[in-house]
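Inside the fold
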Amino acid sequence: MNDNNILSIIDFGSTKLRLGVFANHLTNSKYICDENIIPNSKNEINKSIKNIILKTEREIGRHLNKTFVMLDSHKFLSIDVSIKKKTDQININENIIKQFIQEIKVEIERNYKKFKILHIVILRYVLDDKESNNLPKNIKVNNLIIDIKFILTPNEIIDDMRELFKDNQTSISNIFCSTYIKTLNYLKYFDKFDTKVFIDIGSSKTSLIIYKYEKLKYINYIPIGGEHITKDISNVLKISLDESENIKKKLNQTNANLNNNEENSLIIKVVHARIEEIIDLSFQTLESSNISLKQNSILIFTGNGSKILSKNSIFLKEKYNIFDQMSFFEENSDLICSSGHNYLLSEKKDEAILSQKKRLKRGIFEKLFYIFSK
């Protein structure tokens, strides 16, 4: 039986699928389950998607027509744009703002044809040199500046996702950036801090995202994650990847003592070296930005790859040792899927939600002009 009154959300991780279904008819209004993935194998990934969808449909007694997908990739792009308009005392309202943002959106799409825009986040407004996080309604100004962050993903990732779910008789309603969606929900757990810096260490990538006064300021990805730590241990100890992964999991669960034995000491040094590289690369592009991390700030590690840090000591380089506090945030499937649910039900005050406009067919002379203007 179909049910259009349910929300289903899949977090598509590198090694795990998490599916959450939210509806009033379910016990506790939600059903959460997860399924491990064998990476880099389309057939195995397809099988995992099929398993988790069938398992969920049997449990809730309904067919999942559509689902929202949360995912991350080091191939994601973050682009900052500043719109400057001389408005000459026109009445600024939401429709005017959407028009200005639509203009720059068209330019982004024209210059990044191989990418799709996932989120358009409004960072700030400047109205006649007065900065504001929120747009005052029906105000007249001479000059307007809108700072915007676009989060993009390659079209090939979108196409691959849609094909995978199409094979399992489920379509994708929309795709979102997992790091952004999750951390938006996690902000409330650290509300006493003005600046919140999240480093999410996944299996094959690490993301750095920064909020200041609850506003997104920065997001960046690097192609290094927990699987690289596994490979490092494998290379140093000359053992298989499976054995290395088991050693890493043990480190996740216990406090390793550097003085236990020579091999243990070597493993910890290898892990620390890779973690130090991840932190270095995460913060590298920040050094040229104007984002200050020194005032009432917290550094938060999330993701499966960061579990190794929660039980073992980590020492930041002096230049990064500027945070008032450091935390290891424990995630689970319920929390991650609920983040997606909360996002879908939120007002999304900081995002520009633009309707898709259908392109009109060009007349013959317009086509000729378009061709010769290239």
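Use the structure listed above.
Overview of the structure. As the structure is a computational prediction, the values presented were derived from the model and not from experiment.

On inspection of all chains with the given rule, the structure shows twelve aromatic pairs. Pairing Phe68 with Phe176 gives two aromatic rings, centres 6.0 Å apart and planes at 10°, and the pair type is stacked. Taken together, the residues Phe68 in strand E4 (residues 66-71) and Phe176 in strand E9 (residues 171-177) connect sequence positions 108 residues apart. With a relative accessible area of 18%, Phe68 lands in the buried category. Among the aromatic residues, those joined into a cluster by ring pairs are Tyr186, Tyr189, Phe190, Phe198, Tyr211 and Phe329.

Next up on the list: the sheet that holds strand E5 (residues 77-92). The four strands are arranged E5-E8-E6-E7 in an open sheet whose pairing can be described as antiparallel. The sheet terminates laterally at E5 and strand E7 (130-132), the two strands that pair on one side only. In this sheet, neighbouring strand axes are inclined to one another by 30° on average, regardless of whether the strands run parallel or antiparallel. Note: strand E6 (residues 115-127) against E7, three bridges, orientation antiparallel. Directly across from Tyr125, in E7, lies its bridge partner Ser132. Strands E5, E6 and strand E8 (139-154) of the sheet are contacted by helix H2 (residues 94-111), whose axis makes an angle of about 145° with E5.

As a rule of thumb, soluble globular proteins bury nonpolar side chains together. With 57 residues, the main nonpolar core has Phe12, Met161, Phe165 and Tyr180 as its most contacted residues. Among residues more than four places away in sequence, those in contact with Met161 are Phe12, Val69, Leu71, Ile172 and Ile175. Val197, Ile210, Ile224 and Ile229 belong to the second-largest nonpolar core, a separate cluster that totals 27 residues.

One open sheet holds the five strands; their spatial order is E12-E11-E10-E13-E14, and the pairing between them is mixed. Where the open sheet ends on each side, the last strands, each with one partner, are strand E12 (215-222) and strand E14 (325-328). On average, adjacent strands in this sheet sit at an angle of 15° to one another, irrespective of strand direction. Where strand E11 (residues 206-212) and E12 come together, seven bridges link them in antiparallel fashion. The residue of E12 that forms the bridge with Ser207 is Tyr221. Strands strand E10 (195-201), E11 and E12 of the sheet are contacted by helix H4 (residues 178-186), whose axis makes an angle of about 45° with E11.

A word on the packing of H4 against helix H9 (residues 333-345). Where H4 contacts H9, the axes come no closer than 8 Å and their chain directions differ by 90°. Comparing their axes, H9 and H4 come out roughly perpendicular. Taken together, the residues of H9 that come into contact with H4 (itself represented by Tyr180, Ile181, Lys182, Leu184, Asn185 and Tyr186) are Leu335, Ile336, Ser339, Gly340, Asn342 and Tyr343. Taken together, the residues that form the contact of H4 with H9 break down as seven nonpolar, four polar and one charged.

About the thresholds
Residues numbered from 1 in each chain as written. Predicted model: local features only at pLDDT ≥ 70, side-chain atom pairs only at ≥ 80, totals over all residues. Heavy atoms only, no water. Phe/Tyr/Trp six-rings, centres within 6.5 Å; stacked < 30°, edge-to-face > 60°. Helix = DSSP H or I, 4+ residues; strand = E, 2+ residues; numbered from the N terminus. Buried < 20%, exposed > 50% of the residue type's maximum accessible area, 1.4 Å probe, protein only. Pairing = 2+ DSSP bridges. Axes fitted to C-alpha atoms, helices over the stretch in contact; angles between N-to-C directions. Contact = heavy atoms within 4.5 Å. Core = buried A, V, L, I, M, F, W, Y, C linked by side-chain atoms within 4.5 Å. Parallel < 35°, antiparallel > 145°, perpendicular 65-115°, else oblique. Nonpolar A, V, L, I, M, F, W, Y, C, P; charged D, E, K, R; others polar.

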